[in-house]
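What follows is each chain in one-letter form.
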Amino acid sequence: MKRSILAILIISIFTAFGCDNSNGQNKAEQEKRRLSKPAAEWKKKLTANQYEIMVNRGTEPPYKNAYYDNHQKGVYISAATGEVLFSSADKFDSGTGWPSFVKAVDPNKVEIVHDSSFGMSRDEVIEKSTGLHLGHVFDDGPADRGGKRYCMNSGALVFVKQ
């Protein structure tokens, strides 16, 4: 009985002090993700879906998003700033159900930061000027095109046909 109480106490302490926020990111990771505007301002500018993805770092369902199967020529701009982030020339079908790109149009417009949320170790892609979440990048893209897969959320982007 004493061991059970001790185990519960230890788990409670780790739960209370071991997490810095609800998605499991530590303070150093949060510091890298400072938003350029308060969340309340983004809430006024973004749709509910865009806010959930970009501010709350949500993920839309695979195959149920606007651009995973888009094959038109054009550019993908930030839903928050209108900055050109990705091009259809760099898009490929990854089979994952999300729009995937081999690179950003301008690597200086995105930033890669470590994401340890939900017990996973991933590389998060954020818009550098805003700190807003766009998606994640993985090393399983086409080898002949650099090997990267920028797996983006359609809700963070707006497609502009060219």
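Refer to the structure printed above.
Before going into details, it helps to say that this report is about the structure given with it. Because the structure is predicted, anything quoted here is derived from the model rather than measured.

1. Considering the pattern of salt bridges
Next, step 1: Under the counting rule described, the total for this entry stands at five salt bridges.
Next, step 2: For Lys 109, the salt bridge is made with Glu 83, and the minimal N-O distance between the two is 2.8 Å. Of this pair, Lys 109 sits in the loop between strand E4 (100-101) and strand E5 (110-115) while Glu 83 sits in the loop between strand E1 (74-78) and strand E2 (84-87), and the two are 26 residues apart along the sequence.
Next, step 3: Residue class for Lys 109 comes out partly exposed when judged on its relative accessible area of 27%.

2. A look at the side chain of Asn 65
Next, step 1: With respect to the helices and strands, the residue Asn 65 is situated in the loop between helix H4 (48-54) and E1.
Next, step 2: Exposure remark for Asn 65: the relative accessible area of 12% places this residue in the buried category.
Next, step 3: Residues contacting Asn 65, with those up to four places away along its chain left out, are Glu 60, Gly 97, Trp 98, Pro 99 and Ser 154.

3. Some thoughts on the environment of Asp 69
Next, step 1: Secondary-structure assignment places Asp 69 in the loop between H4 and E1.
Next, step 2: Classification of Asp 69 as partly exposed rests on a relative accessible area of 47%.
Next, step 3: Separated by 28 residues in the primary sequence, Asp 69 and Gly 97 have C-alpha atoms spaced 7.9 Å apart.
Next, step 4: A distance of 2.8 Å separates the side chain of Asp 69 from the side chain of His 71, its partner in a polar contact.

4. Things to note about the sheet that holds E5
Next, step 1: Reading across the sheet, the six strands line up as E3-E4-E8-E7-E6-E5 and stay open at both edges, with antiparallel pairing between neighbours. The open sheet is flanked by strand E3 (91-92) and E5, the only strands paired with a single partner.

5. Focus on the nonpolar core
Next, step 1: Counting residues in hydrophobic clusters, the biggest one holds 24 residues, and the most contacted among them are Met 54, Phe 86, Leu 134, Met 152 and Leu 157.
Next, step 2: Elements with a contribution of two residues or more to this core: H4, E2, strand E7 (133-138), strand E8 (149-152) and strand E9 (157-161).
Next, step 3: Apart from the residues lying within four places of it in its own chain, the contact partners of Met 152 are Glu 60, Phe 86, Trp 98, Pro 99, Phe 101, Val 125, Leu 134, Gly 135, His 136 and Leu 157.

6. Describing the sheet that holds E9
Next, step 1: If you walk across this open sheet you meet the three strands as E2-E1-E9, and the pairing is antiparallel. Every interior strand has two partners, whereas the edge strands, E2 and E9, have only one. Within the sheet, the average angular offset between the axes of one strand and its neighbour, ignoring direction, is 30 degrees.
Next, step 2: As paired elements, E1 and E9 share five bridges and run antiparallel to each other. The residue bridging Tyr 76 from the neighbouring strand is Phe 159, located in E9.

7. Let's talk about unusual backbone geometry
Next, step 1: A positive phi angle, near 60 degrees, is found at Arg 57, a position not held by glycine.
Next, step 2: Structurally, Arg 57 can be placed in the loop between H4 and E1.
Next, step 3: At Tyr 63, a position not held by glycine, the phi torsion is positive, near 65 degrees.
Next, step 4: If you trace the backbone, Tyr 63 turns up in the loop between H4 and E1.
Next, step 5: The exposure class of Tyr 63 is partly exposed, given its relative accessible area of 45%.

Thresholds applied
- Residues numbered from 1 in each chain as written.
- Predicted model: local features only at pLDDT ≥ 70, side-chain atom pairs only at ≥ 80, totals over all residues.
- Heavy atoms only, no water.
- Salt bridge = Lys/Arg side-chain N within 4 Å of Asp/Glu carboxyl O.
- Helix = DSSP H or I, 4+ residues; strand = E, 2+ residues; numbered from the N terminus.
- Buried < 20%, exposed > 50% of the residue type's maximum accessible area, 1.4 Å probe, protein only.
- Contact = heavy atoms within 4.5 Å.
- Polar contact = N/O pair within 3.5 Å; in protein donor to acceptor, adjacent residues only side chain to side chain.
- Pairing = 2+ DSSP bridges.
- Core = buried A, V, L, I, M, F, W, Y, C linked by side-chain atoms within 4.5 Å.
- Axes fitted to C-alpha atoms, helices over the stretch in contact; angles between N-to-C directions.

Purely spatial values, then, with no claim about function.
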